[in-house]
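If you want the building blocks of each chain, they are given just below.
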Amino acid sequence: MRALLIIALLGLAGPSYGLDDSGCSALGGTCTDYRYTTCKAGYVTNKCSGDTNRRCCLNCDATCVALEASYASGDSACAASGGTCKVTSNYCSGSYASGKCGGPADRRCCVPASGGFSNGVPLAEYSQCAGLDMVLRDGWGARPPKYTNHMHTPVSQVFIHHTTGSACYDVSRCSSLIQSHQNYHMDNRGWSDIGYNFLIGEDGRVYEGRGFDRQGGHTQGYNSVAIAVSFVGDYTSRLPNQAALDAAKAIIDCGVQLGKVTSGYRLQGHRDVGSTSCPGDTLYSHIRTWAHYS
């Protein structure tokens, strides 16, 4: 009896976590580590199991999405300062600034600190990588992952994929297409997140998927020991433009520089280890000329 009383008192003294995620589910939300994913509708605490970093991301319905789009026209001052506009219940590695975002008062500009992290990589380190124009998950409107699995780095293998479907040539179109691919992977395939670690647009930008430190869902048998870089579009009968090819090389080189990919990594196409035509005949023939292909 005394032991039970002590346990009960300890429970009262500590933070209150739910026994499961049902409280969040009842709100139509998704429990996730709020440090890694921006939630457009905001987070609610004490609705999820686990530690205090695991919070309930409320669903951003069609009305919410439309409002976010209308608010974005007033976000230029935040973007110019290198920040991201979001509801203040979201994690901010730096500090929130007022007067730089469109929308209500609780939608403010998060300006990351130099020590901030995105998917396990310090933001300041990404900026050190030459030739890299990166759009982080916040920037393309990623949904929260259902869960994440850490991946030990450095990895020694890199796989090249293509998404198939349409290509893209600007941030707006690339973001829209990548959101669609994420929705397909999560809703139709039942995966935890978009499958790729990084995606490449023909705007010459790299779009962060699962990043360097989180296991992907891209290449069966290799997800825990490799990263996948996927070109947005279908490259069966044509090559991605030079800007996209350079961007793919830049993110791989960045991985080597940051110690996330070994310097002697092996590069292959998806079809090298699976029954698939990915990454398309023309792109596949091209990557076979790259130095690390084997």
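Undergrad: Could you give me a rundown of the overall build of the protein chain, with the residues and numbers involved?
TA: Looking only at helices and strands, the protein chain features 9 helices and 14 strands. In the protein chain, which comprises 294 residues, the proportion classed as buried is 44%. For the protein chain, the share of sequence-separated contacts (at least 6 apart) that also reach a separation of at least 24 residues comes to 65%. Split by element, the accessible area of the protein chain, about 13800 Å² in all, is 51% carbon and sulfur.

Undergrad: Break down the nonpolar core for me, citing the residues and quoting the values.
TA: Formed by 34 residues in total, the largest nonpolar core has its most connected members in Y126, L132, I160, I200, F231, I251 and L267. Listed by contribution, the elements that provide at least two residues to this core are β10 (155-162), β11 (198-200), β13 (226-231), α8 (242-257), β14 (261-269) and α9 (281-287). A per-element tally of this core places α8 first, with 8 residues. Ignoring sequence-local partners within four residues, the contact set of L132 consists of Y126, V206, A250, I251 and C254. Residues C168, C174, Y207 and V232 belong to the second largest nonpolar core, which totals 13 residues.

Undergrad: Mind laying out the environment of H150, listing which residues take part and the relevant values?
TA: Among the secondary structure elements, H150 is positioned in the loop between α6 (137-140) and β10. Each C-alpha atom, one on H150 and one on R214, is 4.6 Å from the other, the two residues being 64 residues apart in sequence. Residue contacts for H150: discarding those within four places in its chain leaves D213 and Q215. Separated by 3.4 Å, the side chain of H150 and the backbone oxygen of D213 make a polar contact.

What counts and how
- Residues numbered from 1 in each chain as written.
- Predicted model: local features only at pLDDT ≥ 70, side-chain atom pairs only at ≥ 80, totals over all residues.
- Heavy atoms only, no water.
- Helix = DSSP H or I, 4+ residues; strand = E, 2+ residues; numbered from the N terminus.
- Buried < 20%, exposed > 50% of the residue type's maximum accessible area, 1.4 Å probe, protein only.
- Contact = heavy atoms within 4.5 Å.
- Areas by Shrake-Rupley, 256 points an atom, 1.4 Å probe, with all protein chains shown as cover.
- Core = buried A, V, L, I, M, F, W, Y, C linked by side-chain atoms within 4.5 Å.
- Polar contact = N/O pair within 3.5 Å; in protein donor to acceptor, adjacent residues only side chain to side chain.

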